Amino acid sequence: MRIATYNVNGVNGRLPVLLRWLEETSPDIICLQELKAPDERFPAAAIEAAGYEAIWHGQKSWNGVAILSRVGTPVETRRGLPDDPDNTQSRYIEAAVNGVLVAGLYLPNGNPRPGPKFDYKLRWFESLVAHAAELVATDMPVVIAGDFNVMPTDRDVYRPERWLDDALFAPEVREAYARLLAQGWTDALRAMHPSETIYTFWDYLRNAYARNAGLRIDHLLLSPALAPRLAAANVDRDVRGWEKSSDHAPVWIELANKPVRASRRKGPKI
DNA sequence: ATGTCACCGTACCGGTGA
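Keep in mind it's a predicted model, so treat the numbers as computed, not measured.

Caption draft 1: Here's a closer look at the pattern of salt bridges. Within the structure shown, the criterion is met by 12 salt bridges. A salt bridge links Asp 156 to Arg 216; the shortest N-O distance between them is 2.7 Å. Here Arg 216 lies in the loop between strand S11 (214-215) and strand S12 (218-222) and Asp 156 lies in the loop between strand S8 (142-147) and helix H4 (171-182), a separation of 60 residues in the sequence. Exposure class is identical for Asp 156 and Arg 216. Each is buried. The partner of Asp 187 in a salt bridge is Arg 216, and the shortest N-O contact between them spans 3.1 Å. Of this pair, Asp 187 sits in strand S9 (residues 186-187) while Arg 216 is found in the loop between S11 and S12, placing the two residues 29 residues apart along the sequence. A relative accessible area of 0% places Asp 187 in the buried class. Residue Arg 216 is classed as buried on the basis of its relative accessible area, which comes to 0%. Connected through shared salt-bridge partners, Asp 156, Asp 187, Arg 190 and Arg 216 make up one network.

Caption draft 2: Inspection of the UniProt feature "domain: Endonuclease/exonuclease/phosphatase" (unreviewed entry) in chain A at higher detail. Here, UniProt's "domain: Endonuclease/exonuclease/phosphatase" (unreviewed entry) annotation points to residues 4-248. Annotated as 24% helix and 24% strand, the span residues 4-248 places its first and last C-alpha atoms 13 Å apart.

Caption draft 3: Representation of unusual backbone geometry in the model. At the junction of Asn 111 and Pro 112, the peptide bond is cis and its omega measures out at 0° in the coordinates. The residue Pro 112 is located in the loop between strand S7 (100-106) and helix H3 (116-137) in this model. With an omega of -5°, the peptide bond between Arg 113 and Pro 114 qualifies as cis. Here Pro 114 shows up in the loop between S7 and H3. With a phi close to 55°, Glu 34 is a non-glycine residue in the positive phi region. If you trace the backbone, Glu 34 turns up in the loop between strand S2 (29-33) and helix H2 (44-49). A positive phi angle, close to 55°, is found at Lys 36, a residue other than glycine. Residue classification places Lys 36 among the partly exposed positions, given a relative accessible area of 30%.

Caption draft 4: Up close: the sheet that holds strand S3 (residues 53-57). Ordered in space as S3-S4-S2-S1-S14-S13, the 6 strands form an open sheet in which the pairing is mixed. Looking at which strands have only one partner, the edges of the open sheet turn out to be S3 and strand S13 (230-235). Here the average twist between neighbouring strands, direction ignored, is 15°. On top of the sheet, helix H1 (residues 15-25) reaches strand S1 (2-7), S2 and strand S4 (65-69); it is set at about 165° to S1, its chief contact.

Caption draft 5: Summary view of the sheet that holds S9. Spatial ordering of the open sheet is given by S5-S6-S7-S8-S12-S9, a layout of 6 strands whose pairing is mixed. Single-partner strands in this sheet number two, and they are strand S5 (75-79) and S9. Pairing analysis gives 6 bridges linking S7 to S8, with the strands arranged parallel. Bridged to Tyr 106 within S8 is Asp 147. In the packing of H4 onto the sheet, contacts are made with S9 and S12, and the angle to S12 comes to roughly 25°.

Rules behind the numbers
- Residues numbered from 1 in each chain as written.
- Chains lettered and ligands numbered in written order.
- Predicted model: local features only at pLDDT ≥ 70, side-chain atom pairs only at ≥ 80, totals over all residues.
- Heavy atoms only, no water.
- Salt bridge = Lys/Arg side-chain N within 4 Å of Asp/Glu carboxyl O.
- Helix = DSSP H or I, 4+ residues; strand = E, 2+ residues; numbered from the N terminus.
- Buried < 20%, exposed > 50% of the residue type's maximum accessible area, 1.4 Å probe, protein only.
- UniProt positions renumbered as here; feature names shortened; annotations may be inferred.
- Pairing = 2+ DSSP bridges.
- Axes fitted to C-alpha atoms, helices over the stretch in contact; angles between N-to-C directions.
- Contact = heavy atoms within 4.5 Å.

And the structure:
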């Protein structure tokens, strides 16, 4: 089973690209972020015609998250985090799909730092850490997927020294991500490619994609019950080069039906 | 600051967020 995450940067403006990618790669479950559309403008008919059932949590202009599935109806378990610091921003949706609990999120960007947006990012992250602790305690197979707006380590940034003061790479934010992983989550991309340079985002500015001036900010985290089934993980990098592309590329994991990997040892691996 | 892109309002561009 293939589970993907894709920050589409506008689900209606991106619809041709999204449908082409679905057609070419047929992921089973997809978490979408940055719909930038209210609920009534989610392109449900086109997505259904592509073979997917969907649930979505939209918002006018900004944010917005969705879960798509072609392997059974997503049964929604929650929208918004418990203790969400601002429930007008649509950033979290969660559903049981085909035996896996799937959480899709769009973590606040947080720039400029310092400032109220950065404070909101840290508060939102703490709500996520608290909820993730409850999820991991259930021993369920869980994947938390989405745009975390965090580069976890130096290896995940093309020029780390230039990003130290940015809200996507600030020490407090990386520390929150590390605390999340320390609960027992596996960063699937990094687990499958321990020392590779992997990016999931390239800015529209300054020819970033052609220069491979990228960031790894889209992540799929696997609960201990799910991590042994991780068989493959990668980025559909070429999609970023398509006409009218998002500034993010889709990221995906492949889960086997039975364990294929040793269980993860104690301690964060990022 | 630069640069690019998508959204909205009331709109044929400027403001905002990323």
